[in-house]
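Breakdown of the fold
One-letter residues, chain by chain:
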Amino acid sequence: MNSTRFKLGKYTNTLTSGSASWSSPSNIALVKYWGKKEHQIPENPSISFTLDACKTITEIKFEKREGDQSTFSFEVFLDDMPKPDFHPKIETFFNRIEAYLPFLKEFHFTIHTQNTFPHSSGIASSASGMSALALCLMSIEKQLHPALSDSDFIQKASFLARLGSGSACRSLEGDLVVWGAHPEIEGSNDLFGVKYPYKVHDNFKNYQDTILLVDKGEKQVSSTIGHNLMHGHPFAKQRFDQAVGNISKIKNILESGDLEAFIALVESEALTLHAMMMTSMPYFILMKPNTLEIINKIWSFRQETGLPISFTLDAGANVHVLYPEKNADQILEFIKSQLVAYCQNGHYICDKIGFGAKQS
Ligand code: PMV
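On a predicted model such as this, the values are computed, not experimentally measured, just so you know. (Residues numbered from 1 in each chain as written. Predicted model: local features only at pLDDT ≥ 70, side-chain atom pairs only at ≥ 80, totals over all residues. Heavy atoms only, no water.)

**Side note on the nonpolar core**
For clarity, the cut-off: Only buried Ala, Val, Leu, Ile, Met, Phe, Trp, Tyr and Cys residues count toward a nonpolar core, and they belong to the same one when joined by side-chain atoms within 4.5 Å. A simple rule labels every residue: compare its accessible area, found with a 1.4 Å probe on the protein chains alone, to the largest value its type can have, and call it buried under 20%, exposed over 50%, or partly exposed in between. Note on contacts: a residue pair qualifies if any of its non-hydrogen atoms lie within 4.5 Å across the two residues.
Counting 75 residues, the largest nonpolar core has Ile-47, Phe-94, Phe-109 and Leu-137 as its most contacted members. Excluding its chain neighbours within four sequence positions, the residues that come into contact with Leu-137 are Ile-60, Phe-93, Phe-94, Ile-97, Leu-101, Phe-103, Leu-104 and Phe-109. Ile-309, Ile-335, Leu-339 and Cys-343 belong to the second-largest nonpolar core, a separate cluster that totals 24 residues.

Below you can see the structure in the form of structure tokens.
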């Protein structure tokens, strides 16, 4: 697939001002993306659950500029407070996507954004934030070019979100999204995320994700650095091949509803992600002692009760506890009585599978 299809050519409308607003969720990968090529092309395919409660709400107001249009012009507010430290990331994003959105320098943008989860929760807001921003920009393009179809709109929004933050391209739709070309997933490609196109067993409907906030501080090593450390990593090839194999396996698991196999695959993926960090050069560890305490408690509880509780991790110390809706009462009780003590200030977020972004 070629990215030039996302260049629309001449717009049919002209605009002087307007606005666009979207809310877009976070997502949690089951098979992880870790390692990329140039232009945010993933080294391996990944699949994620779209979340429901953890989301970013963004509104952009735009106004035609007079005079010099050689630079981007925007201001950004988080919770109605000016946020100049967001500028470099947005500037980089605009530079990457300008070739696909030729109107970017013609307007001044006022961007208001807020997250439903605390900014300092250690939950990455890049997936929800970049996807919400990409969708707002696409809504402006749609106003300039109303003939744009719904499917082209969503594909291009995911394509643009990817250029902001790779995993952001998996946040637009739900309940499962695949990003990265895989021979057994029809339509899958490296340029944008696609809604998982096959049957999913009822066991996974409304799957729960309780996010235990173990460490709310800034990460010591960013994802960008982590991805780059996969270049020349001694286990890179094995890891990328394993991810391809795990996508094939999870396709069967999602169809059969085999929770035991699901748990084994998802936990192995989480630990492999962190093993890649620990075996890169330089090496680093993002898990904290309480991350390990929680993992061990989950394993003991699972052994004692036989309940299908599992965990996954993103690039940080927080633990995502995953379980079917029908076991929610017992598992939430266990989380509250045994795991919350390991969370910073006792903080955790009850989330579940969601269905993607919404225009507001
Ligand atoms: O989208 P990025 O560049 O922040 O990378 C995210 C990587 C992981 O969250 C660790 C895995 C994934 O697939 O989401």
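**Brief notes about the pattern of salt bridges**
The criterion, for reference: Each salt bridge in this description consists of a side-chain nitrogen of Lys or Arg and a carboxyl oxygen of Asp or Glu lying within 4 Å of one another. Strands here are runs of E lasting at least two residues and helices are runs of H or I lasting at least four, both read from the DSSP assignment and numbered beginning at the N terminus.
A complete count under the given rule lists 10 salt bridges for this structure. In this structure, the salt-bridge partner of Lys-61 is Glu-59, at a minimum N-O distance of 3.4 Å. In this structure Glu-59 comes out as partly exposed when scored by relative accessible area, which is 27%. Across the salt bridge formed by Glu-269 and Arg-239, the nearest N and O atoms sit 2.8 Å from each other. Here Glu-269, found in helix H6 (residues 259-278), pairs with Arg-239, found in helix H5 (residues 236-256); they are 30 residues apart in sequence, far enough to count as distant.

**A short note on the environment of Glu-293**
Relative to the assigned elements, Glu-293 resides in helix H7 (residues 289-305). On a C-alpha basis, the gap between Glu-293 and Leu-339 in space is 8.6 Å, while along the polypeptide they are 46 residues apart.

**Digging into the side chain of Thr-50**
Using the following cut-off: N or O atoms closer than or at 3.5 Å make up a polar contact, with two conditions inside protein: a donor-capable atom paired with an acceptor-capable one, and, for residues adjacent in sequence, both atoms drawn from side chains.
Summarising the element assignment, Thr-50 is placed in strand S4 (residues 46-64). Thr-50 gets classed as buried once you look at its relative accessible area, which sits at 0%. Of the polar contacts made by the side chain of Thr-50, one reaches the backbone oxygen of Glu-173; its length is 2.6 Å.

**Thoughts on the site of the ligand**
To keep things clear, this is the line we draw: Only a single heavy atom is needed: when it lies within 4 Å of a molecule or strand, its residue is near that molecule or strand. The accessible surface values rely on the Shrake-Rupley method and a 1.4 Å probe; as for residues, cover is taken only from the protein chains in view. Only Asp, Glu, Lys and Arg are considered charged, only Ala, Val, Leu, Ile, Met, Phe, Trp, Tyr, Cys and Pro nonpolar, and every remaining residue, Gly among them, polar.
If you check the shell around the ligand, you find Ala-29, Lys-32, Tyr-33, Trp-34, Ser-165, Gly-166, Ser-167, Arg-170, Ser-223, His-227, Leu-273 and Ala-315 and nothing else. Note that an oxygen atom of the ligand is positioned 2.7 Å from one of the side-chain N or O atoms of Arg-170. At 3.0 Å from an oxygen atom of the ligand is found a side-chain nitrogen or oxygen belonging to His-227. Burial of the ligand by the surrounding chains reaches 89%, relative to a free accessible area of 390 Å². A breakdown of the residues in the shell around the ligand according to their chemical character gives five nonpolar, five polar and two charged.

**Examining the packing of aromatic side chains**
The criterion, for reference: Planes of paired rings set the category: under 30 degrees apart is stacked, over 60 is edge-to-face and the rest tilted, where pairs are Phe, Tyr or Trp rings (Trp by its six-membered ring) whose centres lie within 6.5 Å. Throughout this description, the term charge over a ring refers to an Arg CZ or Lys NZ atom that lies within 6 Å of the ring centre and within 35 degrees of the ring normal.
In the structure shown here, the tally under the stated rule is 21 aromatic pairs. Look at Phe-62 and Phe-107: their rings are 5.2 Å apart centre to centre, the planes differ by 80°, and that puts the pair in the edge-to-face class. Here Phe-62, found in strand S4, pairs with Phe-107, found in strand S7 (residues 107-115); they are 45 residues apart in sequence, far enough to count as distant. Like Phe-107, Phe-62 is buried. Ring centres of Phe-72 and Phe-94 lie 5.4 Å apart, and the angle between their planes is 75°; this geometry places the pair in the edge-to-face category. Here the residue Phe-72 occupies a position in the loop between S4 and strand S5 (73-78), and Phe-94 occupies one in helix H1 (residues 87-97), the gap between them amounting to 22 residues. Taken together, Tyr-11, Phe-62, Phe-72, Phe-74, Phe-93, Phe-94, Phe-103, Phe-107 and Phe-109 form an aromatic cluster joined through their ring pairs. Above the plane of the ring of Tyr-198 lies Lys-251, whose end atom (NZ or CZ) is 4.2 Å from the centre.

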